[in-house]
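What follows is each chain in one-letter form.
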Amino acid sequence: MSSDPPAPTLAVIVGRAGSKGLPGKNARLLAGRPMIAYSIEHATRALHVDRVLVSTDGEDIARAARAEGAEVVMRPASMSGDDATVDEAVRHAVTSTDAGHQRVAILYANVPVRPPDLVDRAIDHLVETGADSVQSYAPVGKRHPWWMVDLSDDGRVSPWHPNTVYRRQDLPDAHFPDGGVIALRREALFTVRPDRPHAFLGEDRRGIRTRPGEVVDIDDELDLVVAESIIRGGPPSGTTP
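Residues numbered from 1 in each chain as written. Predicted model: local features only at pLDDT ≥ 70, side-chain atom pairs only at ≥ 80, totals over all residues. Heavy atoms only, no water.

**Topic: the packing of aromatic side chains**
Item 1. Following the criterion strictly, the structure yields 0 aromatic pairs and no others.
Item 2. One residue, Arg 33, lies across the ring of Tyr 38, its end atom 4.8 Å from the ring centre. (Phe/Tyr/Trp six-rings, centres within 6.5 Å; stacked < 30°, edge-to-face > 60°. Lys NZ or Arg CZ within 6 Å of the ring centre and 35° of its normal.)

What follows is the structure in structure tokens.
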């Protein structure tokens, strides 16, 4: 277990201009604010974060980020396409404005809803365990992988994981990365192996749990409705409390 102090940490918020699922989502207004403003606020309010960078290729996103007080690193076109990786963009941001931070917190611009202490929890766990990375995970709920199937063109069903579990409460515990935060050591971030796309997470990977609905990752219009409802503190439009 590490005895290092829990700070300082550099937060890098990643937000591309391009999005096939929801075009322009990172600069899109959500409850009256640009989407990216929420992640900037989460990073700025974290006790262990002392500097916030936004990595983007979009001018609208950059303007919104600067208006929120964040520093902006414009990424090159080679890191802005559909094949660009998050870790590559973060490494570019870190080396472009390097302040010598040994810990980095990665936040996605399209995640406007997070628990207020999530970033600090991840950093604390990173320091306390001495791990290479810490990522937030949410329970899969009723969409458990044991009940997933492969559905052929003719409708034939083949289970992904053959099992005899009939009741949901008998399924084993399972979580998925919810996109809330990734905290990692600089050494891990700068580990690049073409044969291992997630090498930047290191060898010792840890996780912290979130509850259902605590993190909202915006991919489509329905996600927007859910996020706006949570941010405004009421039910989605057209529903009954």
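That shown, we press on.
**What to know about the pairing of strand E1 (residues 9-15)**
Item 1. Burial runs high along E1: 7 of the 7 residues are buried.
Item 2. The alternating pattern of E1 places Thr 9, Ala 11, Ile 13 and Gly 15 and Leu 10, Val 12 and Val 14 on opposite faces, both of which are buried.
Item 3. In this structure, E1 lies alongside strand E4 (residues 49-56), joined through 7 bridges in parallel fashion. Paired with Thr 9 across the bridge in E4 is Val 49. (Buried < 20%, exposed > 50% of the residue type's maximum accessible area, 1.4 Å probe, protein only. Helix = DSSP H or I, 4+ residues; strand = E, 2+ residues; numbered from the N terminus. Pairing = 2+ DSSP bridges.)

**Digging into the layout of surface pockets**
Item 1. In this structure, the largest pocket spans a volume of roughly 390 Å³.
Item 2. As for the largest pocket, its lining consists of 16 residues, and the residues nearest its centre are Pro 139, Val 140, Arg 143, Phe 176 and Gly 213.
Item 3. Elements with a minimum of two residues in the lining of the largest pocket: strand E7 (133-139) and strand E10 (175-185).
Item 4. Class assignment for the residues of the lining of the largest pocket results in 7 nonpolar, 3 polar and 6 charged. (1 Å grid on protein atoms, 1.4 Å probe; cavity = no way out; pocket = protein on both sides within 12 Å on 5 of 7 lines; lining within 4 Å. Points joined across faces, edges and corners; volume = space filled by probe spheres on them. Nonpolar A, V, L, I, M, F, W, Y, C, P; charged D, E, K, R; others polar.)

**Examining the nonpolar core**
Item 1. Counting residues in hydrophobic clusters, the biggest one holds 29 residues, and the most contacted among them are Ile 13, Ile 36 and Val 119.
Item 2. For this core, the secondary-structure elements that each account for two or more residues are E1, helix H1 (35-45), E4, helix H2 (59-67), strand E6 (103-108), helix H4 (118-129) and E10.
Item 3. A total of 5 residues in this core trace back to one element, the largest contributor, which is H4.
Item 4. Among all residues touching Ile 13, those that are not within four sequence positions of it are Ile 36, Ser 39, Ile 40, Ala 43, Val 52, Leu 53, Val 54, Ser 55, Leu 107, Tyr 108 and Ala 109.
Item 5. Membership of the second largest hydrophobic core comes to 15 residues, among which are Val 73, Val 104, Ile 106 and Phe 200. (Core = buried A, V, L, I, M, F, W, Y, C linked by side-chain atoms within 4.5 Å. Contact = heavy atoms within 4.5 Å.)

**Concerning unusual backbone geometry**
Item 1. In the Ramachandran plot, Ala 31 falls in the positive-phi region, its phi being about 55° despite a non-glycine side chain.
Item 2. Take Ala 31: it is sitting in the loop between strand E2 (29-30) and strand E3 (33-34).
Item 3. Ala 31 sits in the buried class, given a relative accessible area of 19%.

**A word on the sheet that holds strand E11 (residues 205-209)**
Item 1. Strand order in the open sheet made by the 7 strands is E5-E4-E1-E6-E10-E7-E11, with mixed pairing throughout. Looking at which strands have only one partner, the edges of the open sheet turn out to be strand E5 (71-74) and E11. Along the sheet, successive strands turn relative to each other by an average axial angle of 30°, direction set aside.
Item 2. As paired elements, E7 and E11 share 5 bridges and run parallel to each other. Paired with Ser 133 across the strands is Arg 205, a residue of E11.
Item 3. Along the sheet, H2 makes contact with E1, E4 and E5, crossing E5 at roughly 160°.
Item 4. Each of E1, E4, E5 and E6 touches helix H3 (residues 86-96); the most contacted strand, E1, lies at about 130° to it. (Axes fitted to C-alpha atoms, helices over the stretch in contact; angles between N-to-C directions.)

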